[in-house]
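The residues making up each chain are set out below.
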Amino acid sequence: MTLNRLISRRHVLRTGAAFTAISALSPARVAMAGPTEDPFLLRAAAGQAALRPAPYGSTDVWSYNGSLPGPEIRVRQGDRIRVLAQNGLNEGTTVHWHGIRTPNAMDGVPFLTQDPIPVGGEFLYEFDALDAGTFWYHPHQRSSEQVGRGLYGPLIVEEADPIRVDRDLTWMLDDWRMTREGQIATDFGSRHDAAHGGRIGNSVTINGQMPERIAVRSGERIRLRLVNAANARIFGLDFGGLAPVVVALDGQPVAPHAPDGDVVVIGPAMRVDLVIDMTGKPGESVTVTDVFYRDWNTVWSISPTGRIGCGTRPRTGRWNYHPTRWPNPICKRPNGIRSSSTAA
């Protein structure tokens, strides 16, 4: 079975009898150092990332440790987190630990809980992981641009007695406002965006990629941790024939329940933990659809043996995104799928 992913109106994931290269779609995981060992180094710097699939070139980004998203920091509840943040940018920055309880001095708010980390400087963040759940880290210094250029990563605190699943996956969802040259548009903080629902992009990624395929085993149970790192985009994910069960919201456990209307809505900075049983047969595919913005739908087709395709489909409705001003640099044609394939 293949799970087809959602990312702007349609996104496909496929699940197969054997799964392929799913690790390429997951953030790099790191084990935290103990209290007597050296802290984990987290360096913010300019770099490049392959936000678009081949044969397109790389995009200039800002990232942690040269990866996008930054490394997944995964600990157990009660562990001590020690991170030495280094600033390789040409401006000050901080690291904020979104959603988790920290001492005030460790919260990463510039000019309030700390001075910004200067160019070439460093700051040691150290606190106990009191809460289990799905969290993330990012700057609070000029965050609309620093986060918008790629500075973010997941922070996962595992429960002492975690939910029993076959796999635990993290998806960091993001959208990017790209120019025709495939670079990030520089109009951060525009008044137009401020007056029209924020900075909406035109290219959506999962863990910094527009993946060609995502494969899962038929019958396996997956814990899927969703993190919305987008500046303003709201995702409304319809998992098609699958039946996701919400088990946590913003790092807090909830009574397991089906999402309202079978659509998982996740706003900017939110986290949603799902448990999903892969009920399809080997070779089948399921389409995951983003239905939140109903006037423009980007279609993604992901196959375990095929190529990625995308396109936009105009519908009625009122939304401020202007596809002619911010074209999707991946799509050759404005309406339709550039390339497609079928499952094996």
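Residues numbered from 1 in each chain as written. Predicted model: local features only at pLDDT ≥ 70, side-chain atom pairs only at ≥ 80, totals over all residues. Heavy atoms only, no water.

What to know about the sheet that holds strand 9 (residues 122-128)
Hydrogen bonds between backbone atoms are what pair the strands of a sheet, whose relative direction is either parallel or antiparallel. Here four strands make up an open sheet; going across it, the order is 5-4-7-9 and the pairing mixed. If you trace the sheet from one side to the other, it starts and ends with strand 5 (59-64) and strand 9, each paired once. Averaged over all neighbouring strand pairs, the angle between strand axes comes to 20 degrees, with direction disregarded. Here strand 7 (residues 80-87) runs beside strand 9; their pairing, made up of seven bridges, is antiparallel. Note that in strand 9 the partner of Ile81 across the bridge is Phe127. (Pairing = 2+ DSSP bridges. Helix = DSSP H or I, 4+ residues; strand = E, 2+ residues; numbered from the N terminus. Axes fitted to C-alpha atoms, helices over the stretch in contact; angles between N-to-C directions.)

Here we look at the nonpolar core
In terms of nonpolar packing, the biggest core is built from 25 residues, with Ile73, Val95, Trp97, Tyr137 and Leu155 touching the most fellow members. Those elements giving two or more residues to this core turn out to be strand 4 (40-49), strand 5, strand 6 (72-76), strand 7, strand 9, strand 10 (133-138) and strand 11 (153-158). Sequence-distant contacts of Trp97, that is, excluding residues within four places in its chain, are made with Ile73, Val83, Thr102, Met106, Asp107, Tyr125, Phe127, Trp136, Tyr137 and Leu155. Listed in part, the 24 residues of the second largest apolar core include Trp171, Leu173, Val264 and Leu274. (Core = buried A, V, L, I, M, F, W, Y, C linked by side-chain atoms within 4.5 Å. Buried < 20%, exposed > 50% of the residue type's maximum accessible area, 1.4 Å probe, protein only. Contact = heavy atoms within 4.5 Å.)

Quick word on the packing of aromatic side chains
Tallied over the entire structure, the rule returns six aromatic pairs. Consider the rings of Trp97 and Tyr125, whose centres lie 5.8 Å apart with planes at 70 degrees: the pair is edge-to-face. You can see Trp97 sitting in strand 8 (residues 96-98) and its partner Tyr125 sitting in strand 9, a full 28 residues away along the chain. For the residue pair Trp97 and Tyr125, the accessibility class agrees, reading buried in each case. Every member of this aromatic cluster is reached through a ring pair, and the members are Tyr64, Trp97, Phe123, Tyr125, Phe127 and Tyr137. Just above the ring of Trp62 sits the side chain of Arg149; from NZ or CZ to the centre is 5.2 Å. (Phe/Tyr/Trp six-rings, centres within 6.5 Å; stacked < 30°, edge-to-face > 60°. Lys NZ or Arg CZ within 6 Å of the ring centre and 35° of its normal.)

A closer look at the pairing of strand 17 (residues 252-257)
When you tally the buried positions in strand 17, you get zero out of six residues, a small fraction of the element. Pairing between strand 16 (residues 245-249) and strand 17: three bridges, direction antiparallel. Within the sheet, the bridge partner assigned to Ala248 lies in strand 17 and is Pro253. What sits between strand 16 and strand 17 in their antiparallel hairpin is a turn of two residues, with Asp250 showing a positive phi close to 50 degrees.

Some words on the pairing of strand 6
Within strand 6, four of the five residues are buried, which leaves it mostly tucked inside the rest of the structure. Bridge count for strand 6 against strand 11 is four bridges, and the pairing is parallel. Bridge pairing in strand 11 places Arg76 opposite Glu158.

Considering the pattern of salt bridges
Applying the stated criterion to the full structure yields 22 salt bridges. The salt bridge partner of Asp168 is Arg74, with a shortest N-O separation of 3.5 Å. With Asp168 in strand 12 (residues 167-176) and Arg74 in strand 6, the pair connects residues that are 94 residues apart, well separated along the chain. For the pair Asp168 and Arg74, one class covers both residues: buried. (Salt bridge = Lys/Arg side-chain N within 4 Å of Asp/Glu carboxyl O.)

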